[in-house]
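# Overview (structure and organization)
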Amino acid sequence: SSVTQTVFNSVNVLMGVGLLSYPFVLRLSGWVGVLILLCLSFVSCHTAKLMGLMMDVPSGVKLREGPMSHKILGFQDLAVVSLGRVGSLCISLLFLGETFGYGCIYLIIEGDNLGKLLRRYAYFADWTNEAFMTLSFVIFMPLWWLRNLGLLSYFSALGAFAAASLFVGVAASGLAGWE
């Protein structure tokens, strides 16, 4: 992916997750939640800076063939240098399990949301949540077969625009005092 596509994907993930969930979480947790969020933000920032520094230093370990064989290019290379080949395998398995879990959660959420949206129509009135999950799976499965995932960044740009529009709408509603 290009830098622009990566930015759109990152912004879409961060805005989509945080825009609607943070106010609710902060309402439930109060000022303690704000302090915890700030602490975790500083830890994440520091970790990202350390990882950036590690990726700029040649590793001394041959990671692949070619002119950049000693340069750390991603999490896999970072795991090889930090934890060895066995640790790298463990990190890979952890990432695969995490991604599988995200996919399962996504299908559950989509099944629930589609059920709430479409059950008012006669054709979908008798559908179960599992049927809506299956429909979501069938719709999104072809996206997994794309050879160039950069095409998905256009949808991320659309998602970022939708999240920004939602933010503007909620802010305007709050400032105008509409209910």
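Here, every reference points to the structure presented above.
Overview of the structure. These numbers come from a predicted model, not from an experiment.

Here we take up the packing of aromatic side chains. Throughout the structure, instances matching the rule amount to six aromatic pairs. Judged by centre distance (5.4 Å) and plane angle (75 degrees), the ring pair of Y106 and F140 falls under edge-to-face. One end of the pair, Y106, is in helix α2 (residues 75-118); the other, F140, is in helix α3 (residues 129-140), with 34 residues separating them in the sequence. Centre to centre, the rings of Y123 and F124 are 5.1 Å apart; their planes meet at 85 degrees, and the pair counts as edge-to-face. Using a relative accessible area of 62% as the deciding quantity, one classes Y123 as exposed. On the basis of relative accessibility, which here comes to 18%, the residue F124 falls in the buried class. Each residue in the set Y123, F124, W127 and F132 is aromatic and connected to the rest through ring pairs, giving one cluster.

Compared with an ideal rise of 1.5 Å per residue, which puts 44 residues at 64 Å, α2 spans 41 Å between its outermost C-alpha atoms and falls more than 12% short. At L83, α2 is deflected by roughly 130 degrees, the largest bend along its length. Of the residues making up α2, those classed as buried are D77, L78, A79, V80, G87, S88, S92, L107, E110, G111, L114 and G115.

Turning to the environment of T134, a few remarks are in order. Mapping T134 onto the fold places it in helix α3. Accessibility expressed as a relative area gives 47% for T134, which makes it partly exposed. C-alpha of T134 to C-alpha of G111: the two residues are 23 residues apart in sequence and 7.8 Å apart in space.

Procedures and definitions
In this convention, every chain numbers its residues from 1, walking through the sequence in written order. Only residues with pLDDT of at least 70 get local features here, since the model is predicted, and only at 80 or more are side-chain atom pairs given and counted; chain-wide, interface and lining totals rely on the full set of residues. Where side-chain values are given, they derive from all heavy atoms of the structure, hydrogens and water being excluded. Classification of ring pairs uses Phe, Tyr and Trp, with its six-membered ring standing for Trp, and accepts pairs whose centres are within 6.5 Å; under 30 degrees between planes counts as stacked, over 60 as edge-to-face, and the remaining range as tilted. Numbering of helices and strands starts at the N terminus; helices are DSSP runs of H or I of at least 4 residues and strands are runs of E of at least 2. Categorising residues by exposure relies on relative accessible area from a 1.4 Å probe, with only protein chains included: less than 20% of the type maximum marks a residue as buried, more than 50% marks it as exposed, and the intermediate range marks it as partly exposed. Here, expected helix span is obtained from the residue count minus one, scaled by 1.5 Å. Two axes enter the definition of the bend at a residue: one is fitted to the seven residues ending there, the other to the seven starting there, and the bend is the angle between them.

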